[in-house]
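# Descriptive analysis of the structure
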Amino acid sequence: MQFDAFYASDIATYASQSGLPGIPVTVVPVDGGVSTPGSGNGEVCLDIEMVMSMAPGVSAIYVYETPNDTGLWVDMLSRMASDTDSQGKPLCNQLSCSWGGGGVNASAEQVFKQMGAQGQSFFNATGATDAFTGTIPFPSDSTNITQVGGTTLTTGTGAAYLSETVWNWGSQSGSYVGSSGGISTYYGIPSYQLGVSMSANQGSTTMRNVPDVALTADNVYVTYNNGSSGTFGGTSCAAPLWAGFTALMNQQAAGAGQAAVGFLNPALYAVGKGANNNTAFHDTTTGN
């Protein structure tokens, strides 16, 4: 979901440079859509390109675009939940958001619940302004979607995994830039977070903790702005990567005759609290 637009030529260039197949990208305008790409077009390109990279066999990418107005959250989310394919199933099983703003939104939370119930997985980038110290902007503490933080990944020979640490660029131009997370001031701890030890991560045993998961959020190559290219950082890299990863899960599920995975948090935390945690996840325990 996007509050800006993109240049199609940038996506085509990225696919060509990366040796990726041409994946159909369809724009779905909501409340009039966005006629001309603005200053946020790099964000839009980043989101699309990360899905292409993680799931190069995905059948199609739908880009929901609406004017940059936090009052339009429910319109956008409702459209994403209600669009169906020719068989009456949700058009997109994996949904990703790298935008935020506004306060608690009860109507949007009902749509998030609808999405989960009908097999849609929604991933939200928590943000890039370091730790939350007060009220968390919507939707970054919602208990009904998967909140995604960011890491800096280090690899070795043959791109072998070596380590991960918290993505944090420190102070830049008077502001702090790093993976956002913290404790909700509004939502109580959800059932899936009960039983998690909070002694090391300084989390809360009574309120919702953010994020749920993380992925690569540093040194990510992007083509954008009608011919520009460069490296990006942020949880905005990680959320669409999780959406692409979930497309791979759902591809495997479909091949086995199973339903789409839907809201992932209960399953993720069940694995995280179980004996297989260390074989399923890399626990990020270093960094600031």
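Scroll up for the structure.
Summarised in this report is the structure supplied together with it. Note that this is a predicted model, so its numbers are computed, not measured. (Residues numbered from 1 in each chain as written. Predicted model: local features only at pLDDT ≥ 70, side-chain atom pairs only at ≥ 80, totals over all residues. Heavy atoms only, no water.)

### Considerations on the side chain of S98
- With respect to the secondary-structure elements, S98 resides in the loop between β3 (94-97) and α4 (106-117).
- A relative accessible area of 12% places S98 in the buried class.
- Within the structure, S98 has its side chain in polar contact with the side chain of E43 (distance 3.4 Å).
- There is a polar contact of 3.1 Å between the side chain of S98 and the side chain of D47. (Helix = DSSP H or I, 4+ residues; strand = E, 2+ residues; numbered from the N terminus. Buried < 20%, exposed > 50% of the residue type's maximum accessible area, 1.4 Å probe, protein only. Polar contact = N/O pair within 3.5 Å; in protein donor to acceptor, adjacent residues only side chain to side chain.)

### Focus: unusual backbone geometry
- F138 connects to P139 through a cis peptide bond whose omega is -5 degrees.
- Along the chain, P139 turns up in the loop between β4 (121-125) and β5 (146-155).
- For D130, which is not glycine, the phi dihedral falls at a positive 65 degrees.
- As for its position among the elements, D130 is in the loop between β4 and β5.
- For A159, which is not glycine, the phi torsion reads 65 degrees and is therefore positive.
- Mapped onto the elements of the fold, A159 is located in the loop between β5 and β6 (161-166).

### Comments concerning the packing of helix α1 (residues 8-18) against helix α2 (residues 41-54)
- It is the contact of α1 with α2, at a shortest axis distance of 10 Å, that shows an interaxial angle of 35 degrees. Judged by the sense of rotation from one axis to the other, the crossing of α1 with α2 is right-handed. Across from D10, I11, Y14 and A15 in α1, the residues of α2 making contact are N41, C45, I48, E49, M50, M52 and S53.
- Grouping the amino acids of the contact of α1 with α2 by side-chain chemistry returns seven nonpolar, two polar and two charged. (Axes fitted to C-alpha atoms, helices over the stretch in contact; angles between N-to-C directions. Left-handed = near helix turned anticlockwise from the far one by under 90°. Contact = heavy atoms within 4.5 Å. Nonpolar A, V, L, I, M, F, W, Y, C, P; charged D, E, K, R; others polar.)

### Some thoughts on the environment of T279
- You can see T279 is positioned in helix α7 (residues 277-280).
- At a separation of 2.8 Å, a polar atom in the side chain of T279 contacts the main-chain carbonyl oxygen of N276.

### Observations regarding the environment of R208
- Secondary-structure assignment places R208 in strand β10 (residues 207-210).
- For R208, a relative accessible area of 0% corresponds to the buried category.
- Sequence separation between R208 and S228 is 20 residues; the distance between their C-alpha atoms is 39 Å.
- Within the structure, the side chain of R208 is placed 2.8 Å from the side chain of D212, a separation counted as a polar contact.

### Some words on the pairing of β5
- Sheet topology places β4 next to β5; three bridges connect them, and they run parallel. When the bridges of β5 are listed, A125 appears paired with V148.
- Pairing geometry for β5 and strand β11 (residues 213-216), over four bridges, is parallel. By the bridge assignment, V148 is partnered in β11 with V213.
- Here five bridges tie β5 to β6, and the two strands are oriented antiparallel to one another. If you follow L153 over to β6, its bridge partner there is E164.
- What sits between the antiparallel neighbours β5 and β6 is a turn of five residues, in which G158 has the positive phi angle 65 degrees. (Pairing = 2+ DSSP bridges.)

### So, the packing of aromatic side chains
- Across all of its chains, the model carries 13 aromatic pairs by this definition.
- On the numbers, 5.1 Å between centres and 55 degrees between planes, the contact of F112 with F122 is tilted. Of the two residues, F112 sits in helix α4 while F122 sits in strand β4, which places them 10 residues apart along the sequence. For the pair shown, F112 and F122 are each scored as buried.
- Ring geometry for Y192 versus F263: centroids 5.9 Å apart, planes at 70 degrees, classification edge-to-face. Of the two residues, Y192 is situated in the loop between β9 (182-188) and β10 and F263 in the loop between α5 (235-255) and α6 (265-272); the sequence distance between them amounts to 71 residues.
- Judged by relative accessible area, which is 8%, Y192 ranks as buried.
- Cluster of aromatic residues (ring-pair linked, three or more members): F3, W73, W99, F112, F122 and F138. (Phe/Tyr/Trp six-rings, centres within 6.5 Å; stacked < 30°, edge-to-face > 60°.)

Remember that the coordinates give geometry; whether it matters functionally is a separate question.
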